[in-house]
Amino acid sequence: MLGIQLRDCRIPMSIAIAGAFTNFTTIPRLIPMSKTNMTTKPSSAPWADEPFPLIEIPSTRTKSDHFYLKAASEMSHAHNVLLRSLNAILQQGPCLPAPTDATRFRAKDVKDFLHYVHCWVKMVYHHHWVEETYVFPELGKLSGKPDLMDEPQHQHESFQPGLKELDKYATVTQADQYRWPDMKQIIESFSKNLTDHLYDEIRKFLELKDLDSEEYRKTWTKAEEMAKQSSNITLLYDMVPLILGCADKSYEGGNEYPPYHWVMPYVVKYWFAAGNGAWRFNPCDFWGRPRPLPFVAKDGTGN
């Protein structure tokens, strides 16, 4: 749902709408199950399916023609993009050679990594901005309950200060000033609130099966069109390479998320991502094929 477009090269805008929802006490917590059947790791080394577990896609265990299932499943894929990119940061950040390591330190590695972190924050911001600006109001109208999404919007506030602090660190820190413990402390200040929010929101989408299916689909499409109009060229350089590089097409036996014209990965690789070293930190190539992370401890350690 809701996407960035390059003519007919469409990225669903569900990637723009990570949400937080109300208190769900009546539905079992939909957190990722055992990682065994969930992802195809490219090697035995640590990868982007941890430390924060990925989300099980609802459509892999439930069948329904109602639009609520498509929306919940697409949103699960979108949230997994956010989780994989966050995990890629947490796995590689401690393994970048520090400025104190004169023999291994490379300023470009750190600069590229800091830009990667900045783009991740930008993606999370955009995700929630679209949600609050378009998705929440439209779902409120459809349900006849204008305050339906008030609680998730308030939940966004719990991790906004931490995101802002992380973005500041990523944009003002010079390569020779980078210290993983400092970045780690910032991430730990908000990551639990953010990831709990990403897990919980899927349960809320699964609650929406009482809405009229066709009207729900129309509402989703309307929000998508509204969001497209807010897209700009910088998103194609800063967000689309991150989305494609964190969307594992092999996940749970294979999937088509995000749907796009076959030419899109080529356009991204040879135009929008060309010359930008930040995208080597992605856990997948632009075709959604998992690949080893370039900076990880072989034994899974790294502090």
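Residues numbered from 1 in each chain as written. Predicted model: local features only at pLDDT ≥ 70, side-chain atom pairs only at ≥ 80, totals over all residues. Heavy atoms only, no water.

Novice: Could you give an account of the overall build of the protein, with specific residues and numbers?
Specialist: The helix and strand tally for the protein stands at ten helices and two strands. If you list the helices and strands of the protein from N to C, you get β-β-α-α-α-α-α-α-α-α-α-α. The proportion of buried residues among the 303 residues of the protein is 55%. Of all intrachain contacts in the protein linking residues separated by at least 6 positions in sequence, the fraction that spans at least 24 positions is 79%. Total accessible area on the protein stands at roughly 13,300 Å², and carbon and sulfur atoms take up 52% of it. (Helix = DSSP H or I, 4+ residues; strand = E, 2+ residues; numbered from the N terminus. Buried < 20%, exposed > 50% of the residue type's maximum accessible area, 1.4 Å probe, protein only. Contact = heavy atoms within 4.5 Å. Areas by Shrake-Rupley, 256 points an atom, 1.4 Å probe, with all protein chains shown as cover.)

Novice: Explain the pattern of salt bridges to me, and be specific about the residues and the numbers.
Specialist: Pairing of side chains with opposite charge becomes possible as their charged atoms draw close. As enumerated under the stated definition, the model contains 17 salt bridges in all. The salt bridge partner of Glu74 is Lys70, with a shortest N-O separation of 3.9 Å. With a gap of four residues between them, Glu74 and Lys70 both fall in helix H1 (residues 67-92), about one helical turn apart. Residue class for Glu74 comes out buried when judged on its relative accessible area of 11%. For Lys122, the salt bridge identified is with Asp238, shortest N-O distance 2.8 Å. Residue Lys122 is found in helix H2 (residues 107-143), and its partner Asp238 is found in helix H8 (residues 233-238); the two are separated by 116 residues along the sequence. (Salt bridge = Lys/Arg side-chain N within 4 Å of Asp/Glu carboxyl O.)

Novice: So what about the confidence of the model for the protein? Which residues, and what values?
Specialist: Taken as a whole, the protein shows an average pLDDT of 85; of its residues, 85% reach a score of 70 or greater. Segment residues 15-37 is flagged for pLDDT under 50; beyond a separation of four residues in sequence, or across chains, it makes 93 contacts in the model. (pLDDT = per-residue confidence, 0-100.)

Novice: Just give me the short version of the environment of Lys41, but keep the residues and values in it.
Specialist: Inspection of the secondary structure assignment puts Lys41 in the loop between strand S2 (9-11) and H1. Among the residues examined, Lys41 registers a relative accessible area of 33% and is labelled partly exposed. Those residues in contact with Lys41 that sit more than four places away from it in its chain are Pro46, Trp47, Asp49 and Glu50. Separated by 3.5 Å, the side chain of Lys41 and the backbone oxygen of Ala45 make a polar contact. (Polar contact = N/O pair within 3.5 Å; in protein donor to acceptor, adjacent residues only side chain to side chain.)

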